[in-house]
Amino acid sequence: MIKILIVDDHLLLREGIKCILGTYDNLQITAEAYDGEHALRTLKTNKFDIVISDINMPKMNGIELVRRVNRLQKKAKCIILSTYADEGFVTAAIKAGAKGYVLKSASAETIVEAIDKVRSGGHYFHDAMSKKLQRVAETTMNGVNRLMELQEKRLAGNLAEPTEKKRPGRKRQTKLTVREIELLNMIGQGMGTKDIANQLYLSEKTIKNHLTSIFRKLEVEDRTQAICAAVRQKIVIMQ
């Protein structure tokens, strides 16, 4: 069983991650923390295999948390799960000791693949950041060079994309991304498009695009049907 600590200052985002990872029998969300300092207190009393953390948090950001985790629990592997694909953040995360960097727009399969690779001693960085990683690997990273070679071969068509594996421990398939689950929970709490956009610092157009994707994946036509489907799948927290 892989023991995981989730660190994010947004409750609904943490619930979204738990919803995704809870569909795998070999993954256990042992604890969650709402900022870096809370995470450190949790790490002092519990042992974890994987720490999944956001970057932008109050009191202590995710980069500093990664540095502290590497000193406090050397066996724990850190994965950054962030909205930002900025090269500066990726570079800082690698230098701090993060073994993975995944965007919040990633699918459930991508997040679980990252956990599998990092847990087995490897690295995982989203393909969308391959060019950024190449620059970092050339100047600062040991061990990322091999990763970049594989990414370059894949981009050149010399390495076939991995086929989807059937995981024996999988309970059910979660098609939604972490961000989409977060939006569904916000809608379930009665928030409108403008309110959601303001809270997440996104445009209303971006929120509408996310909703279109949610409707398509859940095979529904409107918000009401989406919430009903999400409640059935235990994605939405109804209060």
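Reading the values: the criteria
- Residues numbered from 1 in each chain as written.
- Predicted model: local features only at pLDDT ≥ 70, side-chain atom pairs only at ≥ 80, totals over all residues.
- Heavy atoms only, no water.
- Helix = DSSP H or I, 4+ residues; strand = E, 2+ residues; numbered from the N terminus.
- Buried < 20%, exposed > 50% of the residue type's maximum accessible area, 1.4 Å probe, protein only.
- Contact = heavy atoms within 4.5 Å.
- Areas by Shrake-Rupley, 256 points an atom, 1.4 Å probe, with all protein chains shown as cover.
- 1 Å grid on protein atoms, 1.4 Å probe; cavity = no way out; pocket = protein on both sides within 12 Å on 5 of 7 lines; lining within 4 Å.
- Points joined across faces, edges and corners; volume = space filled by probe spheres on them.
- Nonpolar A, V, L, I, M, F, W, Y, C, P; charged D, E, K, R; others polar.
- Salt bridge = Lys/Arg side-chain N within 4 Å of Asp/Glu carboxyl O.
- Pairing = 2+ DSSP bridges.
- Axes fitted to C-alpha atoms, helices over the stretch in contact; angles between N-to-C directions.
- Core = buried A, V, L, I, M, F, W, Y, C linked by side-chain atoms within 4.5 Å.
- Polar contact = N/O pair within 3.5 Å; in protein donor to acceptor, adjacent residues only side chain to side chain.
- Lys, Arg positive; Asp, Glu negative; His and termini not counted.

## Some thoughts on the overall build of the protein
Looking only at helices and strands, the protein features eleven helices and six strands. Out of the 239 residues belonging to the protein, those deemed buried represent 48%. Long-range contacts, defined here as pairs at least 24 residues apart, represent 63% of the contacts in the protein between residues at least 6 apart. Only carbon and sulfur atoms are counted for the fraction: they give 48% of the accessible area of the protein, which is about 12,300 Å².

## Digging into the layout of surface pockets
The space that makes up the second largest pocket amounts to roughly 260 Å³. His10, Thr83, Tyr84, Arg179 and Leu200 are, among the 14 residues lining the second largest pocket, the residues nearest its centre. Counting only elements with at least two residues in the lining of the second largest pocket, the list comes to helix H8 (178-188) and helix H9 (193-200). For the lining of the second largest pocket, the class distribution of residues is five nonpolar, four polar and five charged.

## Regarding the pattern of salt bridges
Per the stated rule, a full pass over the model turns up eleven salt bridges. In this structure, glutamate 64 and arginine 68 form a salt bridge, with 2.8 Å as the shortest nitrogen-oxygen distance. Placement of the pair is glutamate 64 and arginine 68 together in helix H3 (residues 62-72), with a separation of four residues, close to one helical turn. Overall, glutamate 64 belongs to the partly exposed group, its relative accessible area being 23%. Taken together, the shared-partner salt bridges connect Arg14, Glu15, Lys18 and Glu32 into one network.

## Regarding the sheet that holds strand S6 (residues 124-125)
By definition, the strands of a sheet pair up through backbone hydrogen bonds, in either a parallel or an antiparallel sense. The six strands lie next to each other as S2-S1-S3-S4-S5-S6, forming an open sheet whose pairing is parallel. Edge positions in the open sheet fall to strand S2 (27-33) and S6, since each of these has one partner strand only. Packing against the sheet, helix H1 (residues 11-21) makes contact with strand S1 (2-7), S2, strand S3 (50-53) and strand S4 (77-82), and its axis sits at approximately 170 degrees to S2. The strands touched by helix H2 (residues 36-45) within the sheet are S1, S2 and S3, with S1 carrying the most contacts at an inclination of about 150 degrees.

## Examining the nonpolar core
Counting residues in hydrophobic clusters, the biggest one holds 46 residues, and the most contacted among them are Ile4, Leu21, Ile111, Ile115 and Leu184. When sequence neighbours within four positions are dropped, the list of residues in contact with leucine 21 reads Ile4, Leu27, Ile29, Ile52, Ile111, Val112 and Ile115. By size, the runner-up hydrophobic cluster in this structure holds 27 residues, among which are Phe48, Val66, Ala76 and Ala98.

## Describing the environment of glutamine 225
Take glutamine 225: it is sitting in helix H11 (residues 223-232). Among the polar contacts listed, one links the side chain of glutamine 225 to the backbone nitrogen of glutamate 221, at a separation of 2.9 Å.

## Some details on the environment of lysine 77
Note on placement: lysine 77 falls in strand S4. When the C-alpha atoms of lysine 77 and alanine 98 are compared, they prove to be 7.2 Å apart, with 21 residues separating the residues in sequence. Discounting residues that sit within four places of it in the chain, lysine 77 has contacts with Asp49, Ile50, Val51, Lys99 and Val118. Within the local environment of lysine 77, its side chain forms a polar contact with the backbone oxygen of lysine 75, the two atoms lying 3.4 Å apart.

## Concerning the environment of lysine 44
Checked against the element boundaries, lysine 44 lands in helix H2. A sequence separation of 29 residues divides lysine 44 from glutamine 73, and the C-alpha atoms of the two residues are 8.7 Å apart.

## Describing the side chain of aspartate 35
Inspection of the secondary structure puts aspartate 35 in the loop between S2 and H2. One buried charged residue, aspartate 35, forms no salt bridge at all, with the nearest opposite charge on lysine 59 at 4.2 Å. Within the structure, aspartate 35 has its side chain in polar contact with the backbone nitrogen of glutamate 37 (distance 3.1 Å). Once you skip the residues sitting within four places of it in the chain, aspartate 35 turns out to touch Val7, Met57, Pro58 and Lys59.

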